[in-house]
Amino acid sequence: MALMAAKGEITPMPDAAIFSDVGAEPQSVYDYLDWLENELPFPVYRVMEKDGLLVDLEKGISGKRCSNPPLFTKSSEGKKGMLMRTCTVDFKIRPINRKAKEIVGWKGRKPKQVECMMWIGISKDEIQRMKESREPWIEHRFPLIDMDMRRDQCVKWMVDNGYPKPPRSACWFCPYHSNKEWRRLRDEEPEEFAKAIELDKRIRDGVYTVENQLFLHVDRVPLDEVDLRSSEEKGQRSFDFMSECDGMCGV
């Protein structure tokens, strides 16, 4: 979306782009962002809420109040559940809106009229994520959906225009990962996958889990014990099942 704007295929030219860094993106995403910043005629502001989501999650592990990722739960009786997700609002939306307020340049009370047109790069695959802004001074726009573009079409546009294929932006420990994404992380970014395995163990060892056990994977077993084989590897039909929450992460 940013590169389309830079080429004049989406107008008007943005004043800026904002990347909300939760502190848990794969290194490939940070490397790509470094490259992207040099390709755009407008600035990219990187923002972070406090010290990032991982530092906040450590509070939860030690028994303190923290922002919840959507961790899967299992009680001693085997009842399954899921923590209510608050990390997106706390570590994505809030710091983005704060920076947008700074860019707009107003102080004091919030204006009642629209001061900021905020583009959000959601493709048609995730049309269910379209939401109106809760802030009266921000109006959301979804250019890729307006252009009827899906994720594979976005990738094709990148390749056709000579740009490197972008990595997927998502926390390396996100419980919304499908098995396909967990396999990709394991095979292509093993350092991040190893960190996810360690974090998965720690959220069960800490005070966080007084009543229920917590897991990163939808199967609610330790991540290093999950069968991540594809359907073909299991000798089944040639398609991969998504987890119950795949594709919902991100802003």
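Reference entry: report on the structure contained in this document. Given the structure is predicted, the values throughout are model-derived calculations rather than measurements. (Residues numbered from 1 in each chain as written. Predicted model: local features only at pLDDT ≥ 70, side-chain atom pairs only at ≥ 80, totals over all residues. Heavy atoms only, no water.)

**Digging into the overall build of the protein**
Okay, step 1: Each helix and strand in the protein was counted, giving 8 helices and 7 strands.
Okay, step 2: Relative to the globule expectation of 18 Å for 251 residues, the C-alpha radius of gyration of the protein, 20 Å, shows essentially globular dimensions.
Okay, step 3: The C-alpha extent of the protein, read off along each of the three principal axes, is 55 × 45 × 30 Å.
Okay, step 4: Considering the protein as a whole, with its 251 residues, one finds that 45% of them fall into the buried category.
Okay, step 5: A sequence separation of at least 24 residues applies to 65% of the contacts in the protein between residues at least 6 apart. (Helix = DSSP H or I, 4+ residues; strand = E, 2+ residues; numbered from the N terminus. Rg over C-alpha atoms; globule rule 2.2 N^0.38 Å. Buried < 20%, exposed > 50% of the residue type's maximum accessible area, 1.4 Å probe, protein only. Contact = heavy atoms within 4.5 Å.)

**A word on helix 2 (residues 27–37)**
Given 3.6 residues to a turn, an α-helix orients residues that are three or four positions apart in the same direction.
Okay, step 1: Within helix 2, burial applies to Val29, Tyr30, Tyr32, Leu33 and Leu36. All buried residues of helix 2 fall inside an arc of 160° around its axis, so they share one side.
Okay, step 2: Buried-residue contacts for helix 2 involve helix 1 (2–6), strand 1 (17–20), strand 2 (44–47) and helix 6 (151–160). (Arc of directions from axis to C-beta.)

**Comments concerning the pattern of salt bridges**
Okay, step 1: Overall, the coordinates contain 20 salt bridges when judged by the stated rule.
Okay, step 2: Of the charged contacts, one joins arginine 46 and aspartate 34 as a salt bridge, the two residues approaching to 2.5 Å between their closest N and O atoms. Of this pair, arginine 46 sits in strand 2 while aspartate 34 sits in helix 2, and the two are 12 residues apart along the sequence.
Okay, step 3: Classification of arginine 46 as partly exposed rests on a relative accessible area of 39%. (Salt bridge = Lys/Arg side-chain N within 4 Å of Asp/Glu carboxyl O.)

**Notes on the sheet that holds strand 3 (residues 72–74)**
Okay, step 1: Judged by pairing direction, the sheet is antiparallel, and its 3 strands sit side by side in the order 4-3-7 without closing on themselves. Strand pairing shows two members of the sheet lacking a second neighbour, strand 4 (80–82) and strand 7 (213–215), which therefore form its edges. Averaged over all neighbouring strand pairs, the angle between strand axes comes to 30°, with direction disregarded.
Okay, step 2: Relative to strand 4, strand 3 is paired through 3 bridges, and the arrangement is antiparallel. Note that in strand 4 the partner of threonine 73 across the bridge is glycine 81. (Pairing = 2+ DSSP bridges. Axes fitted to C-alpha atoms, helices over the stretch in contact; angles between N-to-C directions.)

Distances and angles like these do not, on their own, reveal function.
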